[in-house]
Amino acid sequence: MLEDLKRALGFNNNEFDSIITNYIEAAKLDLEMTGISKSKIVETDKLIYSAIMTFVKSKFDIENSEMFTDSYLLQKDCLRHYSSYRE
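Quick notes on the rules
- Residues numbered from 1 in each chain as written.
- Predicted model: local features only at pLDDT ≥ 70, side-chain atom pairs only at ≥ 80, totals over all residues.
- Heavy atoms only, no water.
- Axes fitted to C-alpha atoms, helices over the stretch in contact; angles between N-to-C directions.
- Helix = DSSP H or I, 4+ residues; strand = E, 2+ residues; numbered from the N terminus.
- Parallel < 35°, antiparallel > 145°, perpendicular 65-115°, else oblique.
- Left-handed = near helix turned anticlockwise from the far one by under 90°.
- Contact = heavy atoms within 4.5 Å.
- Nonpolar A, V, L, I, M, F, W, Y, C, P; charged D, E, K, R; others polar.
- Salt bridge = Lys/Arg side-chain N within 4 Å of Asp/Glu carboxyl O.
- Buried < 20%, exposed > 50% of the residue type's maximum accessible area, 1.4 Å probe, protein only.
- Core = buried A, V, L, I, M, F, W, Y, C linked by side-chain atoms within 4.5 Å.
- Polar contact = N/O pair within 3.5 Å; in protein donor to acceptor, adjacent residues only side chain to side chain.

Novice: Quick question: what am I supposed to make of the packing of helix α1 (residues 2-9) against helix α2 (residues 17-33) here?
Specialist: Two numbers describe a pair of packed helices, the interaxial angle and the distance between the axes. At a closest axis distance of 10 Å, the pairing of α1 and α2 adopts a crossing angle of 110°. On the basis of their axis angle, the class for α1 and α2 is roughly perpendicular. Pair α1 / α2 crosses with right-handed handedness. Between α1 and α2, the contacting residues are L2, L5, K6 and L9 on the first element and D17, I20, T21 and I24 on the second. Residues belonging to the contact of α1 with α2 are distributed by class as follows: five nonpolar, one polar and two charged.

Novice: Whenever I open this one, the pattern of salt bridges confuses me. Can you help?
Specialist: Two side chains carrying opposite charge are able to pair once their charged atoms lie near each other. The full count for this structure, using the stated rule, is seven salt bridges. A salt bridge links R7 to D4, with the shortest nitrogen-to-oxygen separation between them at 2.4 Å. With R7 and D4 both in helix α1 and three residues apart, this pair spans about one turn of that helix. By relative accessible area, R7 is classed as exposed at 57%. Here D77 and R80 are joined by a salt bridge, their closest N and O atoms 2.6 Å apart. Pair noted here: D77 and R80 are both in helix α4 (residues 65-81), with a separation of three residues, about one helical turn. Overall, the relative accessible area of 31% leaves R80 in the partly exposed class.

Novice: So what exactly am I meant to see when it comes to the nonpolar core here?
Specialist: Where a protein is soluble and globular, its nonpolar side chains tend to be buried together. If you look at the biggest cluster of nonpolar residues, it comprises 17 residues, and the most contacted ones within it are L5, I24, L31, I48, I52, V56 and L79. Those elements giving two or more residues to this core turn out to be α2, α3 (46-60) and α4. Beyond its immediate stretch of four places on either side in the chain, I52 contacts M1, I24, A27, K28 and L31.

Novice: Just checking my understanding: could you explain the side chain of S58 for this structure?
Specialist: By the secondary structure assignment, S58 is in helix α3. With a relative accessible area of 8%, S58 lands in the buried category. Polar contacts involving the side chain of S58 include one to the main-chain carbonyl oxygen of F55, which spans 2.5 Å. Residues contacting S58, with those up to four places away along its chain left out, are S65, F68 and T69.

Dropping the structure here:
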């Protein structure tokens, strides 16, 4: 996921790896605090993967931050209401 995010953000070095990794973990914790089961918060799940990618993009893409934030919040809300993702 880190390498995918670096490509999506246009980074071709390791300068921001720790920041990106921290945002990935923050997104996972945010999803868990919403009531999504910790066991479902895995990067191999396409919906979780998409939500995490959107969360991280909202932190780096200043011009589109609001759009990515709104998108993340919608994705998180949909996941929260989907019964197979809840605890």
